[in-house]
Amino acid sequence: GRGVDAKRALRQRLRVAMSEGPAPRVRFAPSPTGTLHVGGARTALYNYLIAKKYGGQFLVRIEDTDTARSTRESEESMKADLKWLGLEWDEGPDVEGPHGPYRQSERGDKYTVEAKKLMDAGHAYPCFCTEEELEAKRAAAEEAGVDPTYDGTWRDADPEEVAAKMEAGEPYTVRFKVPSGKVVSIADAVRGDISWDAEKTVGDFILLRSTGVPVYNFCVAVDDADMEVTTVIRAEEHLTNTLRQCLILDAMGKERPNYAHCSLILGEDRSKLSKRHGATSVDQFRQQGFVPEAMINYLAMLGWNDGTDQEIYAVDEIISKFDLDRVVKSPSVFDETKLTWVNGQHLRGMDMGELAELVQAHLAEGDALDGLDEAKAATFARAAAVVSQPSMNLLTEAMPAAEECGAYNIHETLKSGEADEIVEGGFAEVAAAVVAAFEAGDLPVPDEAALAAGADFEEWEKEHADAFKKWVKALGKELGRKGKGLFQPVRLALTGRMSGPDIGAQMRLVAAAKASGANVETVGFAERMEKLKGAVPAMAS
C-alpha cells in the first residue's frame, strides 16, 4: 500500500543521508540506576553498528540527573559491560572528546545558559505556581475528566509582576512556551511518519525546576544539539519524549536529528522483559558463560535480519550488513534457549587458542586456578577447552567437563548395567591388554613431566595424539578388533565412561591437571589401572 511505499522511501532517504551525507554521530545515553539490561545493550549495539558501518562516531553519555537513584557504581558496571561486549566508544566518559563533559550532572551550567536564552527569546518563561497550587489544578482537571496539563497561569503574565517576584527572590520554575497550533512531525526510520498536535498533547512543560535542576527532556535536547548528534536510535518507550525534545530543539534554532525508535524486547510470555523472566542483565549472561560475539549476534537479530536465513554472524559481518531499514516494527521475544544455541555455535566454531583464553578467564573467577602461575593456568585451561569444545554451549561447561574427565568411575559404570553389551563382547580381554601395555610402558601416557617443565602444549598434544592413535591401531590388530568393538572397550578401560570427549584428549586433560596442579580432583593413570585390575576378575568369572 501507499503507507508501505512511503515508509520504504523514507528508509531509503535515511540510508542515502548516512552513506552520502556527513558521518553519523550517534549516542547511547543510559541512566546509571542499575545494571545494563539486554534492551539497553541492544540500543547501544544498534548505535555502534551504524557508527562503524558509515565511519561515524559512537558516543556514550551518562544521563544522571536523577541524583536520588544514579550511582557511580552503576555507571562503572554499565561501562564494563559495554567494554566486555566490545562496544568501545569514540567520545564519552574516560575517553572524553570535544563535546564534554559527558555526564549530565557535570553539564549544569550549559542547561542554565540555554534556559536563559530561551526565556530571553520568548520561548520560555518563569512560573511562580507553588506545588500546592499545581496539585489543586491537577485534582480539578482529573475531576473534570480532562488531562492534567498546565493551564498557562504565568504564560502571559504582566512583565512588571514577574520582575517584582524575581527581584523579591521568589522561587520559580522555567516553563517552555508551547507554540499555539504547532504540529511536530518526524520521519522515524522504524515506525514511519509520526505527528503530534503539540498544544493538545503537552501543556507548557518545565525545563528547570525551582531548585535550578534541569528536567530530563531539556537535558537531552540541549546535549543532542551540543554534541551534534545526527541520529537518535533508542527504544520505543522514548517516543513520547520526542515531541518535547523536538519543540526545544526548534526553539533553540538547532537541526533535529533523525530518529529510529526500536520496539520493546518481550519475555516468552509476551510481557515486557523483566527480572521475573530470569537473567536480563549483560553481566548475568557473562557469568553464565555466554561470550560477547554470541551476545552481539543474538541481540542484533532481536529486531533485525538481513533478509536471508543466516543466523550466525561474526561482528564484522553484522557491521557490513546492518541497516535501520531492516529493523522491524514488531516487538521481539527474548528466547534464552535460542541465545544458548547461538552461543554454542560461536564456541564450537572458535579457534582453540581464543577459546582457551576465554575458558581460562572464566575458570579464574572460581577456585580451579587458585595458586597457579600464568603458564600452569593456561595449560589446564587449554586442556579443559579441548575436551569441552565439541559439545560446548556455555563457558561454564568447561569445568564440569574437566571434572568428568578427571574422575574414573569404572565400578559404578559396570554396576549400572549400561556397559553390559561391551562386557559380554569381551571387555575383560581388552582391559587386560590395556593394563599389560601400561605396566610394560607401551601405553602412550601423556608426559606430565614435560608439560610441567613448560613444553609447548600444541606440540605435546600432537605428539601424544599421534602415538595414541598408532597404539590403538596396533592393539586392534593384536586382538583382531576394529571400529566400535575396539574403541568402546578401550574408552571404558581408560576413562571409566561409556561416552564423552575424544579418549586421547581426556588422557591429556588428566596429565594437564596433574602437571599444572589445578584444583580439580583427578585420578591418575597408575590408580586407574589398579581400579581396572580390580574390575577385570569379576568380569572374567
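Everything quoted here is computed from the prediction, not taken from an experiment.

Below, the discussion takes up the packing of helix α14 (residues 352–363) against helix α15 (residues 374–388). Orientation of α14 relative to α15, taken along the N-to-C sense of each, is 115°, at an axis distance of 8 Å. For the element pair α14 / α15, the angle class is roughly perpendicular. In the crossing of α14 with α15, the sense of the turn from one axis to the other is right-handed. Contact residues: α14 offers Met352, Gly353, Leu355, Ala356, Val359, Gln360 and Leu363, while α15 offers Glu374, Ala377, Ala378, Phe380, Ala381, Arg382, Ala384, Ala385 and Val386. Of the residues belonging to the contact of α14 with α15, the class tally is 12 nonpolar, two polar and two charged.

Let's shift gears to the domain arrangement of the protein. Structurally, the protein comprises domain 1 (282–349) and domain 2 (357–539). Taken together, the contact pairs 11 residues of domain 1 with 11 residues of domain 2. In total, about 920 Å² of surface goes out of reach between domain 1 and domain 2, with carbon and sulfur atoms giving 55% of it. Where domain 1 packs against domain 2, one counts one salt bridge.

Formed by 86 residues in total, the largest nonpolar core has its most connected members in Phe58, Val359 and Phe380. The element that contributes the greatest number of residues to this core is helix α2 (residues 38–53), accounting for nine residues. Split by domain, the residues of this core number at least three in each of domain 1 (282–349) and domain 2 (357–539). Residues within four places of Phe58 in sequence aside, it is in contact with Val26, Phe28, Ala44, Asn47, Tyr48, Ala51, Leu87, Glu88, Trp89, Asp90 and Glu91. Counting 36 residues, the second-largest nonpolar core is a separate cluster that includes Val184, Cys219, Val222 and Leu249.

The subject of this paragraph is the environment of Glu429. Relative to the helices and strands, Glu429 resides in helix α19 (residues 427–439). Given a relative accessible area of 40%, Glu429 falls into the partly exposed group. C-alpha of Glu429 to C-alpha of Val536: the two residues are 107 residues apart in sequence and 8.7 Å apart in space. With residues up to four places along the chain from it excluded, the contact list for Glu429 reads Leu479 and Arg481. Of the polar contacts made by the side chain of Glu429, one reaches the side chain of Arg481; its length is 3.5 Å.

Another point: unusual backbone geometry. In this model, Gly100 is joined to Pro101 through a cis peptide bond whose omega is 0°. The phi dihedral of Arg270 is positive, around 70°, even though this residue is not glycine. Along the polypeptide, Arg270 turns up in the loop between β10 (265–266) and α10 (282–287).

This brings us to the sheet that holds strand β3 (residues 124–127). One open sheet holds the three strands; their spatial order is β3-β4-β7, and the pairing between them is antiparallel. At either end of the open sheet lies a strand with only one pairing partner, and these are β3 and β7 (206–208). For this sheet, the mean inter-axis angle between neighbouring strands, taken without regard to orientation, is 40°. Both strand β4 (residues 173–176) and β7 contribute to a ladder of two bridges, which runs antiparallel. Bridge pairing links Val174 to Leu208 in β7. The strands touched by helix α4 (residues 108–120) are β3, β4 and β7; relative to β3, the strand with the most contacts, the crossing angle is about 100°.

What follows covers helix α16 (residues 398–406). Turning to α16, its buried residues number three or more, namely Ala398, Met399, Ala401, Ala402, Cys405 and Gly406. Burial along α16 is one-sided: seen end-on, the buried residues are contained in an arc of 160°.

This paragraph deals with the packing of aromatic side chains. Per the stated rule, a full pass over the model turns up 13 aromatic pairs. Note on Phe128 and Trp154: the rings are 5.0 Å apart at their centroids and 65° apart in plane angle, and the pair reads as edge-to-face. Here Trp154 lies in the loop between α5 (131–143) and α6 (159–167) and Phe128 lies in the loop between β3 and α5, a separation of 26 residues in the sequence. The buried category is assigned to Phe128, whose relative accessible area is 6%. Residue Trp154 is classed as buried on the basis of its relative accessible area of 11%. On the basis of an interplanar angle of 55° and a centroid distance of 5.5 Å, the ring pair of Phe128 and Tyr172 is categorised as tilted. With Phe128 in the loop between β3 and α5 and Tyr172 in the loop between α6 and β4, this residue pair connects regions lying 44 residues apart in the sequence. Tyr172 sits in the partly exposed class, given a relative accessible area of 26%. Over the ring of Tyr150 we find Arg175, and its NZ or CZ is 3.7 Å from the ring centre. Directly above the ring of Phe205 sits Arg244, whose terminal nitrogen or CZ lies 5.6 Å from the centroid.

Before going further, it helps to examine the pairing of β3. A regular strand carries its side chains on alternate faces of the sheet. Burial along β3 is two-sided: Ala124 and Pro126 facing one way and Tyr125 and Cys127 facing the other are all buried. Across four bridges, β3 lies against β4 in antiparallel orientation. When the bridges of β4 are listed, Ala124 appears paired with Phe176.

To continue, consider helix α21 (residues 457–479). When the terminal C-alpha atoms of α21 are compared, their 32 Å separation across 23 residues agrees well with the 33 Å that a helix rising 1.5 Å per residue should span. Every buried residue belonging to α21 is among Phe457, Trp460, Glu461, His464, Phe468, Trp471, Val472, Leu475, Gly476 and Leu479, and all of these are buried. If you follow the buried residues of α21, they end up packed against α15, α19, α20 (448–452), α22 (484–495) and α23 (503–516). At the N-terminal boundary of α21, the capping side chain belongs to Asp456, with an oxygen 3.3 Å from the backbone nitrogen of Glu458. Once α21 finishes, Gly480 follows within two positions and takes phi at roughly 70°, a positive value.

Analysis parameters
- Residues numbered from 1 in each chain as written.
- Predicted model: local features only at pLDDT ≥ 70, side-chain atom pairs only at ≥ 80, totals over all residues.
- Heavy atoms only, no water.
- Axes fitted to C-alpha atoms, helices over the stretch in contact; angles between N-to-C directions.
- Helix = DSSP H or I, 4+ residues; strand = E, 2+ residues; numbered from the N terminus.
- Parallel < 35°, antiparallel > 145°, perpendicular 65-115°, else oblique.
- Left-handed = near helix turned anticlockwise from the far one by under 90°.
- Contact = heavy atoms within 4.5 Å.
- Nonpolar A, V, L, I, M, F, W, Y, C, P; charged D, E, K, R; others polar.
- Domains from an automatic or database assignment.
- Buried area = accessible area lost by both parts, 1.4 Å probe.
- Salt bridge = Lys/Arg side-chain N within 4 Å of Asp/Glu carboxyl O.
- Core = buried A, V, L, I, M, F, W, Y, C linked by side-chain atoms within 4.5 Å.
- Buried < 20%, exposed > 50% of the residue type's maximum accessible area, 1.4 Å probe, protein only.
- Polar contact = N/O pair within 3.5 Å; in protein donor to acceptor, adjacent residues only side chain to side chain.
- Pairing = 2+ DSSP bridges.
- Arc of directions from axis to C-beta.
- Phe/Tyr/Trp six-rings, centres within 6.5 Å; stacked < 30°, edge-to-face > 60°.
- Lys NZ or Arg CZ within 6 Å of the ring centre and 35° of its normal.
- Expected span 1.5 Å × (residues − 1).

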